[in-house]
Amino acid sequence: SKPHRIVVSPYNAVIMQRGPSRTRILGPDDFMSQDSETVKIALDLRQKHISRSFNVFETLDRGLADIYGTIDYAIDVSEAAKQGRAPLTVSDMRAIVQVADYSGDVEQMVSDEVSRQVRKVVKSVTAAYLDRPEAADHLGHQIQRLADETTHKHGVRVSDVCLQHIQVRPQEAEQPEGAV
């Protein structure tokens, strides 16, 4: 097929291919395709927002914490490149390829990873600490950093984890044997 015009809008990127081979990665701009080149995949580079409940987690002192929060994440591409004000860097292209090559649902991967980190962090603190006013911000930053370290290898940057509601309750006392 002969070359044709490709318009990549801001906050989008495309991976081009010829047959089964990836040929190039294009960020926002107007391009001409090369001979027999087609779009393999188009990716949305905008920041995504997830709101979710993180179920009930056990604290260090066996209290229970019910947590609701939000997660912000995006493909790890510079803001200037997302907007088309700068070309994609090698690092930007690497992130795009990592996301395109990821075989699962990226949003689910991010959500699951943040949930794992919430469980890990909550298990390391006491119920009394979770009741403190600064706990949500402090733990949110810690969870964001830990989740970002893991998701980054898939080309995704977790930019914020906000713990909006933490409900703490003591674990129910165990009944002695034979008690009714």
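Within each chain, residues carry numbers counting from 1 in the order of the written sequence. Selection of residues for local features in this predicted model requires a pLDDT of at least 70, selection of side-chain atom pairs for listing and counting requires 80 or more, and totals for whole chains, interfaces and linings are taken over all residues. The side-chain numbers reported here are obtained from all heavy atoms of the structure, hydrogens and water having been left aside.

Engineer: Explain the pattern of salt bridges to me, using residue names and the numbers behind them.
Structural biologist: Salt bridges, as used here, are contacts in which a Lys or Arg side-chain nitrogen is within 4 Å of a carboxyl oxygen on Asp or Glu. Under the counting rule described, the total for this entry stands at 11 salt bridges. For R62, the salt bridge identified is with E58, shortest N-O distance 3.5 Å. Residue R62 is classed as partly exposed on the basis of its relative accessible area, which comes to 43%. We classify E58 as partly exposed; its relative accessible area is 29%. Between R116 and E113 there is a salt bridge, and its shortest N-O distance comes to 2.9 Å. Of this pair, R116 and E113 both sit in helix 3 (residues 106–122), separated by 3 residues, roughly a single helical turn. Whether a residue is buried, partly exposed or exposed follows from its accessible area with a 1.4 Å probe, protein chains only, as a fraction of its type maximum: under 20%, in between, or over 50%, in that order. Among the residues examined, E113 registers a relative accessible area of 5% and is labelled buried. Taken together, the shared-partner salt bridges in this structure form one network comprising D44, R46 and K48. Each helix is a run of DSSP H or I of at least 4 residues and each strand a run of E of at least 2, with the numbering of both proceeding from the N terminus.

Engineer: Let's hear about the sheet that holds strand 5 (residues 38–44): which residues, and what values?
Structural biologist: Note: two strands are recorded as paired if DSSP finds a minimum of 2 bridges between them. Spatially, 3-2-5 is the arrangement adopted by the 3 strands of the open sheet, whose pairing is antiparallel. Two strands lie at the open edges of the sheet, namely strand 3 (21–26) and strand 5, each paired on one side alone. When the angles between neighbouring strand axes are averaged without regard to direction, this sheet yields 25°. Sheet topology places strand 2 (residues 12–18) next to strand 3; 5 bridges connect them, and they run antiparallel. Note on strand 3: the bridge partner recorded for V14 is L26. Along the sheet face, helix 2 (residues 90–101) touches strand 2, strand 3 and strand 5 and points at about 125° away from the line of strand 3. Every axis corresponds to a line fitted to the C-alpha atoms, with the helix fit spanning only the stretch in contact, and the corresponding angles, defined between N-to-C directions, vary from 0 to 180 degrees. Note on contacts: a residue pair is in contact if any heavy atoms of the two residues lie within 4.5 Å.

Engineer: Please provide a residue-by-residue account of the side chain of E113, values included.
Structural biologist: Side-chain polar atoms of E113 contact the side chain of T150, separated by 3.4 Å. Beyond its immediate stretch of four places on either side in the chain, E113 contacts A147, T150 and T151. N or O atoms closer than or at 3.5 Å make up a polar contact, with two conditions inside protein: a donor-capable atom paired with an acceptor-capable one, and, for residues adjacent in sequence, both atoms drawn from side chains.

Engineer: Let's hear about the nonpolar core: which residues, and what values?
Structural biologist: Among the buried residues, those of types Ala, Val, Leu, Ile, Met, Phe, Trp, Tyr and Cys that are joined through side-chain atoms within 4.5 Å form a nonpolar core. Counting 43 residues, the largest nonpolar core has I96, V110 and V114 as the members making the most contacts within it. For this core, the secondary-structure elements that each account for two or more residues are strand 2, strand 6 (48–58), strand 7 (64–75), helix 2, helix 3, helix 4 (127–130), helix 5 (135–151) and strand 8 (156–169). In terms of residue count, the dominant contributor to this core is helix 3 (7 residues). Discounting residues that sit within four places of it in the chain, V114 has contacts with F54, I71, I143, A147 and V161.

Engineer: Describe the side chain of T70, naming the residues involved and giving the relevant values.
Structural biologist: For T70, the position within the fold is in strand 7. In this structure T70 touches H49, I50, S51, D160, V161, C162 and Q164, once residues within four positions along its chain are discounted.

Engineer: Talk me through helix 2; I want residue IDs and the actual numbers.
Structural biologist: Between the first and last residue of a helix there are one fewer steps than residues, each counted as 1.5 Å, and that sum is the expected span. For helix 2, with 12 residues, the first-to-last C-alpha span of 16 Å sits near the 16 Å given by 1.5 Å per residue. Of the positions making up helix 2, those classed as buried are D92, A95, I96, V97 and V99.

Engineer: Break down the sheet that holds strand 6 for me, citing the residues and quoting the values.
Structural biologist: Strand order in the open sheet formed by 3 strands is 6-7-8, and the pairing between neighbours is antiparallel. Lying at the two open borders of the sheet, with one neighbouring strand each, are strand 6 and strand 8. Within this sheet the neighbouring strands show an average axis-to-axis angle of 20°, counted without direction. Bridging between strand 6 and strand 7 involves 9 bridges; their strand directions are antiparallel. Its bridge partner being in strand 7, H49 is matched across the sheet by D72.

Spatial relationships are all this shows, so hold off on functional conclusions.
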